[in-house]
Amino acid sequence: MRIDSIARGDAITIRIDGREVPCFTGETIAAAMTAQGHAVFRVDRTGAPRGLFCNMGTCGECMVTLADGHRVRACITDAQDGMEIATDG
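Anyway, here's the lowdown on the structure attached to this text.

Quick notes on the rules
- Residues numbered from 1 in each chain as written.
- Predicted model: local features only at pLDDT ≥ 70, side-chain atom pairs only at ≥ 80, totals over all residues.
- Heavy atoms only, no water.
- Helix = DSSP H or I, 4+ residues; strand = E, 2+ residues; numbered from the N terminus.
- Buried < 20%, exposed > 50% of the residue type's maximum accessible area, 1.4 Å probe, protein only.
- Polar contact = N/O pair within 3.5 Å; in protein donor to acceptor, adjacent residues only side chain to side chain.
- Pairing = 2+ DSSP bridges.
- Axes fitted to C-alpha atoms, helices over the stretch in contact; angles between N-to-C directions.

### Considerations on the environment of Asp 44
Right, so step 1: With respect to the element layout, Asp 44 can be found in the loop between strand E3 (42–43) and strand E4 (49–50).
Right, so step 2: On the accessibility criterion, Asp 44 (22% relative accessible area) is partly exposed.
Right, so step 3: Each C-alpha atom of the pair Asp 44 and Asp 88 lies 8.7 Å from the other, and the pair is 44 residues apart in sequence.
Right, so step 4: Within the structure, Asp 44 has its side chain in polar contact with the side chain of Thr 46 (distance 2.7 Å).

Here you go:
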């Protein structure tokens, strides 16, 4: 399937676990992570990897930590240029 006619936002860069990740304005953190093959967003209390589940902000499986210490759901949080994100996975 071709998606050449889809208009994307401006190219931006975020950092996930210290690694630069290219993405576009209007994309969520989860979209940027998934596009780069980053499937583990956190680990649970037993150490099991967790990733996207509902992808609509109700379950919390995709929680990540921003540089300021706030935890957010990656599936409903827009990526912003220069954003620093830490995962447990």
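### Let's talk about the sheet that holds strand E2 (residues 19–24)
Right, so step 1: Taken in spatial order, the five strands line up as E2-E1-E7-E5-E6 in an open sheet, and their pairing is mixed. Two strands lie at the open edges of the sheet, namely E2 and strand E6 (71–73), each paired on one side alone. When strand polarity is set aside, the average angle formed by the axes of neighbouring strands in this sheet is 40 degrees.
Right, so step 2: As judged from the six bridges shared by strand E1 (residues 11–16) and E2, these two strands associate in the antiparallel manner.

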